Number of protein chains: 2
Amino acid sequence: MIEKEHIHSAFDRDLHNLQSSVMRMGGLVEASIINTSRALADNDEELARKIVDDDQLIDGLESEVNLAALELLALRQPIAQDLRFVFAVLKIATNLERIGDYSKNMAKRTTVLLKTPPPNGAVASIRRLSHSVQVLLKDSLDSFAERDAEKAREIIVRDRDIDLMYNSLFREFLTYMMEDPRSITPAMHLHFMAKNLERAGDHITSVSEQVIFQVTGEMPKDDRLVEDTTSYEAVSMGAVN
Amino acid sequence: MIEKEHIHSAFDRDLHNLQSSVMRMGGLVEASIINTSRALADNDEELARKIVDDDQLIDGLESEVNLAALELLALRQPIAQDLRFVFAVLKIATNLERIGDYSKNMAKRTTVLLKTPPPNGAVASIRRLSHSVQVLLKDSLDSFAERDAEKAREIIVRDRDIDLMYNSLFREFLTYMMEDPRSITPAMHLHFMAKNLERAGDHITSVSEQVIFQVTGEMPKDDRLVEDTTSYEAVSMGAVN
């Protein structure tokens, strides 16, 4: 019974509620990414507008999480791993809010692309990248819920694949633009959408870093921004051609 | 003497040190933005590489600030405005690190632009935007140091001008691309640089929001992402022409 009482202590309940709020926020962000990809594929303007509107829910939840974390710090004065947990929550909430913003930005671009349809195949490429990002986010949230530093480490490694996919898309979209000036406008939007997804991957990496810090007490070395080198080379190549 | 003792209490010293670290971090980020603009204007590859290297200092300082804040929370258990201060510091450090990343990304693009010079006038436009962002950052850091919520509010309003400048650049660069396919590659980099600056402005707004929250205890309503509408319209117009 003592153990049960411990589990249900007010402090643990607060920590648990905080975790639940972050997971809910993560779920909303994941749904936003999935729906954006769907709206793009189906030319669904109504869905795209809904995504833009629903981003307010994510922003609202971030404020709630921030305030709950502050309250917990003030009232419960957590230490050691519990303190790192609250710290991680504050940082993760910021990351999730940004990913939500990127998805919302993509949804806005989707509505513009209705008027200037992108080249064949380009949408499929974006959707593949979007799917990879969404799965990465899901796994990252799982590692947070399970406090699994090993899983979090794997996610950081997997973010490299996102960067490689982005570089390949960058090249693909540049080719469209060079071949046909009429594709410049839609391809610009696709470029920014791809970049949004690549940056979402960076934020997922940040989430994973927080999970590692929370569990182990040590922050992994930040080598996120190795990413972009290839796309710079791609551009140089494009210029030579 | 009691007042003097109070000012020099260990707790106040910790708070003061934390503020100093954030201000130093902000100074490094500001220098990074200024230098990136200079490297672009002078085709200075060496300076651009230095900016990329120096971003590690900013990242390192963010880790230091995070750990110092955590330590302060654990040891001093601040409440009320002091707690909000530490909370603001954690959020602001994240924002500054991101702005540093954007500047580093711009520096990388600058080295690529050496091989594919951008259209006349385009560099001047980017530099104007960069200067506005740098001044906004400086004022935002001042509002943090002075705990001046009124000044912070003005910054949020001024970020709208950054968004308008960005929209105008977006149109300008799109025109270059449409007129001459050879300018597509450099103009793509300029697009991303402009977008980096526009996003830096968003992060400066976040810093100001944290200052307001810290001073007043109330978070201002987030209407940052009104920004992008005009540039979507610009693109649609581009497509019609």
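Residues numbered from 1 in each chain as written. Chains lettered and ligands numbered in written order. Predicted model: local features only at pLDDT ≥ 70, side-chain atom pairs only at ≥ 80, totals over all residues. Heavy atoms only, no water.

### Remarks on the relation of the copies chain B and chain A
Part 1: Overlaying chain B with chain A gives an RMSD of 0.0 Å, the required rotation being 180 degrees about an axis along which the chain moves by 0.0 Å. What the superposition gives is, in effect, a two-fold axis relating one chain to the other. Minimal C-alpha distance to the rotation axis in chain B is attained by glutamine 77 of chain B, lying at 3.1 Å. (Least-squares fit on C-alpha atoms with pLDDT ≥ 70 in both.)

### Focus: the packing of aromatic side chains
Part 1: Counting across every chain of the model gives 11 aromatic pairs over all chains.
Part 2: With a centroid separation of 5.9 Å and an interplanar angle of 10 degrees, the aromatic rings of phenylalanine 85 of chain A and phenylalanine 144 of chain A are classed as stacked. Of this pair, phenylalanine 85 of chain A sits in helix H4 (residues 80–113) while phenylalanine 144 of chain A is found in helix H5 (residues 122–145), placing the two residues 59 residues apart along the sequence.
Part 3: Their ring planes at 65 degrees and their centres at 6.1 Å tell us that tyrosine 166 of chain B and phenylalanine 170 of chain B sit as a pair that is edge-to-face. One end of the pair, tyrosine 166 of chain B, and the other, phenylalanine 170 of chain B, are both in helix H6 (residues 149–179), 4 residues apart, so they sit about a helical turn from each other. One exposure class covers both tyrosine 166 of chain B and phenylalanine 170 of chain B, and it is buried.
Part 4: Through a chain of ring-to-ring contacts, three or more aromatic side chains come together here, namely Tyr166, Phe170 and Phe192 of chain A together with Tyr166, Phe170 and Phe192 of chain B. (Phe/Tyr/Trp six-rings, centres within 6.5 Å; stacked < 30°, edge-to-face > 60°. Helix = DSSP H or I, 4+ residues; strand = E, 2+ residues; numbered from the N terminus. Buried < 20%, exposed > 50% of the residue type's maximum accessible area, 1.4 Å probe, protein only.)

### Structural notes on the nonpolar core
Part 1: In this structure, Ile126 of chain A together with Ile126 of chain B are the most contacted members of the largest nonpolar core, which totals 124 residues.
Part 2: Aside from chain neighbours lying at most four places away, what touches isoleucine 126 of chain A is Leu40, Met106, Leu169, Phe173, Leu190, Met193, Ala194 and Leu197 of chain A. (Core = buried A, V, L, I, M, F, W, Y, C linked by side-chain atoms within 4.5 Å. Contact = heavy atoms within 4.5 Å.)

### Examining the interface of chain B and chain A
Part 1: Listed per partner, the contact involves 51 residues of chain B and 51 residues of chain A.
Part 2: Carbon and sulfur atoms supply 64% of the area buried between chain B and chain A, which totals about 4,700 Å² over both sides.
Part 3: Applying the counting criterion to the chain B and chain A interface returns 2 salt bridges.
Part 4: Linking chain B to chain A there are 7 residue pairs in polar contact (both at pLDDT 80 or more).
Part 5: For the side of chain B that touches chain A, the elements supplying multiple residues, two or more each, are helix H3 (45–76), helix H4 (80–113), H6, helix H7 (184–216) and helix H8 (229–240) of chain B.
Part 6: Per-element accounting of the side of chain B that touches chain A gives the leading share, 15 residues, to H4 of chain B.
Part 7: Residue classes in the side of chain B that touches chain A are distributed as 22 nonpolar, 12 polar and 17 charged. (Buried area = accessible area lost by both parts, 1.4 Å probe. Salt bridge = Lys/Arg side-chain N within 4 Å of Asp/Glu carboxyl O. Polar contact = N/O pair within 3.5 Å; in protein donor to acceptor, adjacent residues only side chain to side chain. Nonpolar A, V, L, I, M, F, W, Y, C, P; charged D, E, K, R; others polar.)

### Thoughts on the environment of arginine 109 of chain B
All names here are of chain B.
Part 1: With respect to the helices and strands, the residue arginine 109 is situated in helix H4.
Part 2: Among the residues examined, arginine 109 registers a relative accessible area of 1% and is labelled buried.
Part 3: With 69 residues separating them along the chain, arginine 109 and leucine 40 place their C-alpha atoms 9.1 Å apart.
Part 4: One polar contact links arginine 109 to histidine 189, side chain to side chain, over a distance of 3.1 Å.

### Focus on empty space enclosed by the protein
Part 1: Overall, the coordinates contain 5 cavities of 30 Å³ or more when judged by the stated rule.
Part 2: What the largest cavity holds in volume is close to 70 Å³.
Part 3: Around the largest cavity, the lining residues are Tyr102, Phe192, Lys195, Asn196 and Arg199 of chain A together with Phe192, Lys195, Asn196 and Arg199 of chain B.
Part 4: The set of elements that each furnish at least two residues to the lining of the largest cavity consists of helix H7 (184–216) of chain A together with H7 of chain B.
Part 5: When its residues are assigned to classes, the lining of the largest cavity shows 3 nonpolar, 2 polar and 4 charged. (1 Å grid on protein atoms, 1.4 Å probe; cavity = no way out; pocket = protein on both sides within 12 Å on 5 of 7 lines; lining within 4 Å. Points joined across faces, edges and corners; volume = space filled by probe spheres on them.)

### Describing the pattern of salt bridges
All names here are of chain A.
Part 1: Counted according to the given criterion, the structure contains 26 salt bridges over all chains.
Part 2: Across the pair glutamate 150 and arginine 153 runs a salt bridge whose closest N-O atoms are separated by 3.3 Å. Pair noted here: glutamate 150 and arginine 153 are both in helix H6 (residues 149–179), with a separation of 3 residues, about one helical turn.
Part 3: Look at arginine 153 and you get partly exposed, because its relative accessible area is 37%.

### A closer look at the packing of H4 of chain B against H7 of chain B
All names here are of chain B.
Part 1: At a minimum axis distance of 9 Å, the contact between H4 and H7 shows a crossing angle of 170 degrees. One element, H4, and the other, H7, form an angle in the roughly antiparallel class.
Part 2: Split by residue class, the contact of H4 with H7 holds 19 nonpolar, 11 polar and 5 charged. (Axes fitted to C-alpha atoms, helices over the stretch in contact; angles between N-to-C directions. Parallel < 35°, antiparallel > 145°, perpendicular 65-115°, else oblique.)

### Details of the confidence of the model for chain A
All names here are of chain A.
Part 1: Per-residue pLDDT for chain A averages 89, and the proportion of residues at 70 or more is 88%.
Part 2: Looking over chain A, one finds the lowest element-wise mean pLDDT in helix H8 (residues 229–240), namely 40, and the highest in H5, namely 97.
Part 3: Here residues 224–230 is modelled with pLDDT under 50, and outside its nearest four sequence neighbours on either side it reaches 25 contacts, counting other chains as well.
Part 4: Low pLDDT, under 50, characterises residues 233–241; the predicted model gives this stretch 14 contacts beyond four residues in sequence or across chains.
Part 5: Across the whole predicted complex the pTM is 0.87, and at the interface the ipTM reaches 0.81. (pLDDT = per-residue confidence, 0-100.)

### Structural notes on the side chain of asparagine 196 of chain B
Part 1: Note that asparagine 196 of chain B resides in helix H7.
Part 2: Given the relative accessible area of 5%, asparagine 196 of chain B is considered buried.
Part 3: Contact partners of asparagine 196 of chain B, with chain neighbours within four places excluded, come to Arg199 of chain A together with Tyr102, Asn105, Met106 and Arg109 of chain B.

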